[in-house]
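The primary structure of each chain is shown beneath.
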Amino acid sequence: MCGLIAVFDTNTKKTNVNERVINAFEDQYRRGTEGFGILSLNTDKSVQLNRATEQIKFMLDMYNINSGMILAHHRTPTSTENKLKQTHPILVNNRIRSEERRV
């Protein structure tokens, strides 16, 4: 089982959405507490990925990230071991986005 949380502040003056993500996690806590992934979009449009296999690391990351756009995933592994490389979101390189940044 897993939970997916996405919070995006679309205002021109972006505010941190960390607290809203943490509150949503508390509401869906039972969907998974063993594998965590956080994808955040920085103001320069770079992407930051944090992963954890323990809830305490997830919470520390959530309090340390400074972003107005966060996608978080949490899970309880049912068919695989709880390993860091199996946590989501999975980051895939995108050639088109890389080219856009160079322009």
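Residues numbered from 1 in each chain as written. Predicted model: local features only at pLDDT ≥ 70, side-chain atom pairs only at ≥ 80, totals over all residues. Heavy atoms only, no water.

1. A word on the environment of L41
- Position of L41 relative to the elements: it lies in strand 2 (residues 35-41).
- In the structure, L41 is positioned 25 residues away from N66 in sequence and 9.4 Å away in space, judged by C-alpha atoms. (Helix = DSSP H or I, 4+ residues; strand = E, 2+ residues; numbered from the N terminus.)

2. Here's the deal with the side chain of N18
- Structurally, the position occupied by N18 is in helix 1 (residues 18-27).
- The class of N18 is buried, set by a relative accessible area of 8%.
- Not counting residues up to four positions away in its chain, the partners in contact with N18 are M62, I65, S67 and I70. (Buried < 20%, exposed > 50% of the residue type's maximum accessible area, 1.4 Å probe, protein only. Contact = heavy atoms within 4.5 Å.)

3. Some points on the nonpolar core
- Counting 15 residues, the largest nonpolar core has I5, V21, F25, I38, F58, M62 and I70 as the members making the most contacts within it.
- Elements with a minimum of two residues in this core: strand 1 (2-8), helix 1, strand 2, helix 2 (55-64) and strand 4 (69-75).
- Those residues in contact with M62 that lie beyond four places of it in its chain are N18, V21, I22, I38 and I70. (Core = buried A, V, L, I, M, F, W, Y, C linked by side-chain atoms within 4.5 Å.)

4. What to know about the side chain of H74
- Residue position: H74 is located in strand 4.
- Here H74 falls in the buried class, since its relative accessible area comes to 1%.
- At a separation of 2.9 Å, a polar atom in the side chain of H74 contacts the side chain of Q28.
- In this structure H74 touches M1, C2, G3, I5, F25, Q28, Y29, R31, G32, G35 and F36, once residues within four positions along its chain are discounted. (Polar contact = N/O pair within 3.5 Å; in protein donor to acceptor, adjacent residues only side chain to side chain.)

5. Some words on the packing of aromatic side chains
- Inspection of the entire model under this criterion finds three aromatic pairs.
- With 5.9 Å between their ring centres and 70° between their planes, F25 and F36 make a pair best called edge-to-face. Of the two residues, F25 sits in helix 1 while F36 sits in strand 2, which places them 11 residues apart along the sequence.
- Assessed through its relative accessible area of 1%, F36 is described here as buried.
- When the ring of F25 is compared with that of F58, the centres are 5.2 Å apart and the planes differ by 65°; the resulting orientation is edge-to-face. With a gap of 33 residues between them, F25 in helix 1 and F58 in helix 2 connect regions that are remote in the sequence. (Phe/Tyr/Trp six-rings, centres within 6.5 Å; stacked < 30°, edge-to-face > 60°.)

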